[in-house]
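# Descriptive structure summary
For reference, the chains in residue letters:
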Amino acid sequence: MNLLINFNIAQWRAWAPGLESVDDWQAWSRQPVILPVNDAAPDVSFLPPMQRRRLSRLARMAFSVGWPLAEGRPDLPLVFISRHGETPRTFEILKDLAADQPLSPTQFSLSVHNAVIGLWSIMRNETSEMTALAATGDGLEHGMLEAAALLNEGAPAVLLVITEEQPPKVYEPWVDDVPFPYAIGLLLTRGDDWQLALSTPQVPPSGSDWPHALDLLRTLLNNETTCQHAWKNRVWTWQRNR
């Protein structure tokens with residue numbers, strides 16, 4: 001199977017604990033390391049206090065990278081991607097369930113995978129098309145396909161946000177692809193500055209030590225022209241044409 005889409009990355013933003021500015025990310029991209037575990041959360045002071053209280057760190061990360069990119073762009077479609085979602089919140093719910101404690105309807109409603117886009121819609125009074133994807137290791141690329149379809153249908157721009165939270169330690173034997181909490185926002189427009197190709201070679205190349213989204217960010221920051229990601233029998237090739 002072969003597939004090819006074209007697009008422009010008009011703007012981007014990223015956040016991780018201790019990595020907030022372009023200079024911070026530039027330094028990390030030259031010498032990537034696993035960041036120390038801490039409870040730092042991004043600044044979302046642009047939201048009223050009552051609204052901020054409802055946001056988990058995962059939601060705050062998504063808002064912190066997405067909100068500035070959406071400013072001045074009403075009716076901006078959103079594609080939200082997270083492989084693991086609100087693992088800290090769901091784990092607390094599971095602990096209450098195991099202890100026969102009453103479950104909080106609010107906590108449950110905010111733990112589902114599309115909670116972030118629901119909050120986004122409410123807080124921005126936004127009614128444009130929104131999609132929440134729970135994909136595997138190449139969720140970023142599946143989100144790009146969704147965004148490309150929206151652009152092809154006539155959307156002048158699409159906001160793509162991918163974010164992962166640090167899972168509770170109990171998940172460590174099963175979740176090994178979140179080196180630290182991170183969020184990346186891409187404002188995508190129509191064009192041919194970039195292309196993304198999917199192929200299924202007989203022998204896929206070995207995978208990267210970093211999640212696909214962080215590898216793509218390093219490609220952007222280091223002005224590299226090609227970035228290749230392998231997941232199972234799928235190989236995705238990002239090519240910068242300009």
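Residues numbered from 1 in each chain as written. Predicted model: local features only at pLDDT ≥ 70, side-chain atom pairs only at ≥ 80, totals over all residues. Heavy atoms only, no water.

### So, the packing of aromatic side chains
Heads up, the rule is: We call Phe, Tyr and Trp rings a pair once their centres come within 6.5 Å, taking the six-membered ring for Trp, and we label the pair stacked below 30 degrees between planes, edge-to-face above 60, and tilted otherwise. Counting from the N terminus, the helices are the DSSP runs of H or I reaching at least four residues and the strands are the DSSP runs of E reaching at least two. Any residue under 20% of the maximum accessible area for its type is buried, any over 50% is exposed, and the rest in between are partly exposed; the area is computed with a 1.4 Å probe on protein chains only.
Counting across every chain of the model gives 11 aromatic pairs. With a centroid separation of 5.2 Å and 80 degrees between ring planes, the pair formed by tryptophan 28 and tryptophan 210 is classed as edge-to-face. Highlighted residues: tryptophan 28 in helix 1 (residues 22-30) and tryptophan 210 in the loop between strand 5 (182-199) and helix 8 (212-221), separated in sequence by 182 residues. Here tryptophan 210 falls in the buried class, since its relative accessible area comes to 13%. Ring plane angle 65 degrees and centroid distance 5.3 Å describe the contact between phenylalanine 63 and tryptophan 120, whose orientation is recorded as edge-to-face. Of this pair, phenylalanine 63 sits in helix 3 (residues 57-70) while tryptophan 120 sits in helix 6 (residues 115-124), and the two are 57 residues apart along the sequence.

### Here we look at the environment of alanine 148
Tracing the chain through its elements places alanine 148 in helix 7 (residues 139-152). Taking the C-alpha atoms as reference, alanine 148 lies 21 Å from proline 68; in sequence the two are 80 residues apart.

### Regarding the pairing of strand 6 (residues 226-231)
The cut-off we apply is this: Pairing between strands requires that DSSP locate at least two bridges from one strand to the other.
Pairing analysis gives 6 bridges linking strand 6 to strand 7 (residues 234-240), with the strands arranged antiparallel. Its bridge partner lying in strand 7, glutamine 228 is registered against threonine 237. Taking the residues between adjacent antiparallel strands as the criterion, strand 6 and strand 7 are bridged by 2 residues, where lysine 232 takes a positive phi near 55 degrees.

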